[in-house]
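Fold and geometry: a report
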Amino acid sequence: QLVESEGGEVQVGESLSLTCAASGRSVKDTAMAWFRQAPGKEREYVAGIPYPAGSRYYSDSVKGRFTINRDIEKNMISLQMRNLKPEDTAVYYCAAASRYPAWDDNDYDYWGQGTQVTVSS
């Protein structure tokens, strides 16, 4: 089970962090990722840790602004978002895969409920 923290509404240029608490499997041994889906658009990969070794990968649209972290002790991942833009407005989903590496949404088996992030100009 994956449970995301509450998102929120922020202004352009501000920061926001999301967390995802996992239960039932360890984030240490699981490919984890954040996806997002904006209205009228397909779900897109935002950031992830596709291998247990912990390397991070980011979409070009968020590289340099977002950071994904993994807390093995708390069994959770987080997404730190900085310099937010209106185009970052979307429902954000935490996801976990039973196999790795995992890259696109077809590779992920478990999903959080989603949390809304709105960036206002």
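Above: the structure in question.
Attention in this report is confined to the structure presented alongside it. What you are looking at is a predicted structure, and each value in this text was computed from that prediction instead of being measured. (Residues numbered from 1 in each chain as written. Predicted model: local features only at pLDDT ≥ 70, side-chain atom pairs only at ≥ 80, totals over all residues. Heavy atoms only, no water.)

**Quick look at the sheet that holds strand β1 (residues 2-4)**
The strand order β1-β3-β8-β7 describes an open sheet built from 4 strands, whose pairing is antiparallel. The open sheet is flanked by β1 and β7 (66-71), the only strands paired with a single partner. The average undirected angle you get between the axes of adjacent strands in this sheet is 15°. The pairing of β7 with strand β8 (residues 76-81) spans 6 bridges and is classified as antiparallel. Note on β8: the bridge partner recorded for R70 is I77. (Pairing = 2+ DSSP bridges. Helix = DSSP H or I, 4+ residues; strand = E, 2+ residues; numbered from the N terminus. Axes fitted to C-alpha atoms, helices over the stretch in contact; angles between N-to-C directions.)

**Brief notes about the pairing of strand β9 (residues 90-97)**
Within β9, 7 of the 8 residues are buried, which leaves the element mostly enclosed by the surrounding structure. Looking at chain direction, strand β4 (residues 31-37) and β9 are connected through 7 bridges and run antiparallel. Among the inter-strand pairings, Q37 is bridged to a residue of β9, identified as V91. Pairing between β9 and strand β11 (residues 115-120): 3 bridges, direction antiparallel. Bridging from a neighbouring strand, Y92 pairs with T115 of β11. (Buried < 20%, exposed > 50% of the residue type's maximum accessible area, 1.4 Å probe, protein only.)

**Considering the pairing of strand β5 (residues 44-49)**
The side chains of a regular strand alternate between the sheet's two faces. The buried fraction of β5 amounts to 5 of the 6 residues, a majority that puts the element mostly inside the structure. Adjacent in sequence and paired antiparallel, β4 and β5 are bridged by 6 residues, among which G40 carries a positive phi angle near 80°. Summarising the sheet, β5 and strand β6 (residues 57-58) pair through 2 bridges and their orientation is antiparallel. The residue of β6 that forms the bridge with G48 is Y57.

**Describing the packing of aromatic side chains**
Taken as a whole, this structure holds 7 aromatic pairs when the rule is applied. With centroids separated by 5.5 Å and ring planes inclined at 90°, the aromatic side chains of F35 and Y45 adopt a geometry described as edge-to-face. Of this pair, F35 sits in strand β4 while Y45 sits in strand β5, and the two are 10 residues apart along the sequence. An identical accessibility class is assigned to F35 and Y45; each is buried. Members of the aromatic cluster, each reached through a chain of ring pairs, are F35, Y45, Y93, Y108 and W111. (Phe/Tyr/Trp six-rings, centres within 6.5 Å; stacked < 30°, edge-to-face > 60°.)

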